[in-house]
Amino acid sequence: MLTSTPQYNKLSITMTSKPMQTSKDSQNLDTQSATSTNLTLDRLIEAQVAFMQQWLHAQAQPLATQAWQWFGEQPLSKYISSDDLQHLINDWFLKQPLSEVVRRDIRDILHTIIYHPVNDNVPLSELVDDSQVEILASYVSSHEEQRNILVHTLVGNETFADLLTQTLYHAINDFMESTLDKAGPAGKLMKLGRSSFEKATNRNLDEKLQSYLHRNIKDLTRRAEANAQAHLTNEEVARLLVTGWGRIKEKPISEIQTYLRDEPNDSSIAHIENSIQQSYNRLRLSPYLHSLVAASVDTWYSNHQADSIATIAASLHIDEQAITQLSTALLPVVTDALESSWFTAHITEMLQAFYAQPSIKAGLVFGSN
């Protein structure tokens, strides 16, 4: 019995003892453990990404509403200053000219609106109400001093007198030339008399005629201006405007087309757009316009800097209902973005960086499944 005990003990030790691990075995086990951990971590991240996408998809509508409610409560001055608005208008709007694409779109849209077939069946009265014309007529007629200045500018100025003088002179000269040519010998005799008169007086008959016309027409324009000032009373001016409107208000809107040209190389719309563009390009870089913009922005900002975003939005008829409708319309875009590869990649990268933090990694234990 005493001799068998050591053999039993030896056998027992051999059967129950684990073989001693070498450094190579330890390295293999660490590699296997790391691989198993990484696979499990990858599956965890995949599950989290899928959950986040599904959750955000389901919560997109309430999140948009809650985000607007939070944003609407913030004061304007917390995020936007007057200088920010100045830079936005100057650097983004005024500094850049309208692109040719935008200009072409403007011309095409104007052409579509002006030449749309619906204009043939809609009267001008749809654009302007009778009461608007009456108010305008009353306003214009009540400014007697301005009306007199306008009459003087149109009738009593030197340019108008010169223009009328030249018109009458050419009319008289053409009449005389055509009459003398048809008069035969008598016409030749009258031309001879004209030549003799010019030699005797050392003056050209044309100059004499123009001087006479100009002197008398100036007197005529003064009389015409005085008559216009006397007879165009406030009531008469208002009546003329209302009567004129009454004559055209039932004409179709397409009547405007008769005053425009629509040839490929001679388009009135193109000329109008080009003229507006030239004026805009001149003004948008001028110190004058920048001064007006700066003063306008300062005025607006001082009126609204204490308002909340929601209050300012409400003045533009943007309320919670409008935001709900907008978010509903944009929901397909949000859904596609959540399911896109770039969003999945960014969320995966974020979670991988999160679990790679030493403080997080040390506290996690993953199984082998």
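Owing to the predicted nature of the structure, the values given are computational and were not obtained by experimental measurement.

Caption draft 1: Local environment of the confidence of the model for the protein. For the protein, mean pLDDT is 80; residues scoring 70 or higher make up 78% of the total. Within the model, pLDDT remains below 50 along residues 1-26, and this stretch shows one contact once partners closer than five positions in the same chain are excluded. A low-confidence stretch, residues 29-37 (pLDDT under 50), is modelled with four contacts involving residues beyond four sequence positions or located in other chains.

Caption draft 2: Structural view of a nonpolar patch on the surface. The grouping of Leu98, Val102, Ile106 and Leu110 at the surface amounts to a nonpolar patch, some 260 Å² of accessible area in total. In this fold, Leu98 is placed in the loop between helix 4 (82-94) and helix 5 (100-114).

Caption draft 3: Main features of helix 4. Regarding helix 4, the residues found buried are Ser82, Leu85, Gln86, Asn90 and Leu94. End-on view of helix 4: buried residues confined to an arc of 120 degrees, all on one side of the axis. Considering only its buried residues, helix 4 is in contact with helix 12 (268-284) and helix 13 (287-304).

Caption draft 4: Representation of unusual backbone geometry. Although it is not a glycine, His317 sits at a positive phi angle of roughly 65 degrees. On the basis of relative accessibility, which here comes to 70%, the residue His317 falls in the exposed class.

Caption draft 5: A look at the nonpolar core. Of all hydrophobic cores here, the largest spans ten residues; its members are Leu76, Leu85, Leu94, Tyr280, Leu289, Val293, Val297, Tyr301, Ile309 and Ile312. Secondary-structure elements contributing two or more residues to this core are helix 4, helix 13 and helix 14 (309-315). With four residues, helix 13 is the single largest residue contributor to this core. The next biggest cluster of nonpolar side chains, apart from the first, holds eight residues, and it includes Leu41, Ile45, Phe343 and Tyr355.

Caption draft 6: Looking closely at the pattern of salt bridges. The final tally for this structure, using the stated rule, is six salt bridges. One salt bridge in this structure joins Glu100 and Arg107, with 2.9 Å as the shortest N-O distance. As a salt-bridge pair, Glu236 and Arg239 come within 2.4 Å of each other at their nearest N and O atoms. Linking Glu236 with Arg239, this pair stays in helix 11 (residues 234-248), spanning three residues, or about one helical turn. Its relative accessible area of 45% is what places Arg239 among the partly exposed residues. One connected set of salt bridges, linked through shared partners, spans Glu100, Arg103, Arg107 and Glu273.

Reading the values: the criteria
Residues numbered from 1 in each chain as written. Predicted model: local features only at pLDDT ≥ 70, side-chain atom pairs only at ≥ 80, totals over all residues. Heavy atoms only, no water. pLDDT = per-residue confidence, 0-100. Contact = heavy atoms within 4.5 Å. Patch = residues over 30% accessible without salt bridge, like charges linked within 9 Å, V, L, I, M, F, W, Y side chains within 5 Å. Areas by Shrake-Rupley, 256 points an atom, 1.4 Å probe, with all protein chains shown as cover. Salt bridge = Lys/Arg side-chain N within 4 Å of Asp/Glu carboxyl O. Helix = DSSP H or I, 4+ residues; strand = E, 2+ residues; numbered from the N terminus. Buried < 20%, exposed > 50% of the residue type's maximum accessible area, 1.4 Å probe, protein only. Arc of directions from axis to C-beta. Core = buried A, V, L, I, M, F, W, Y, C linked by side-chain atoms within 4.5 Å.

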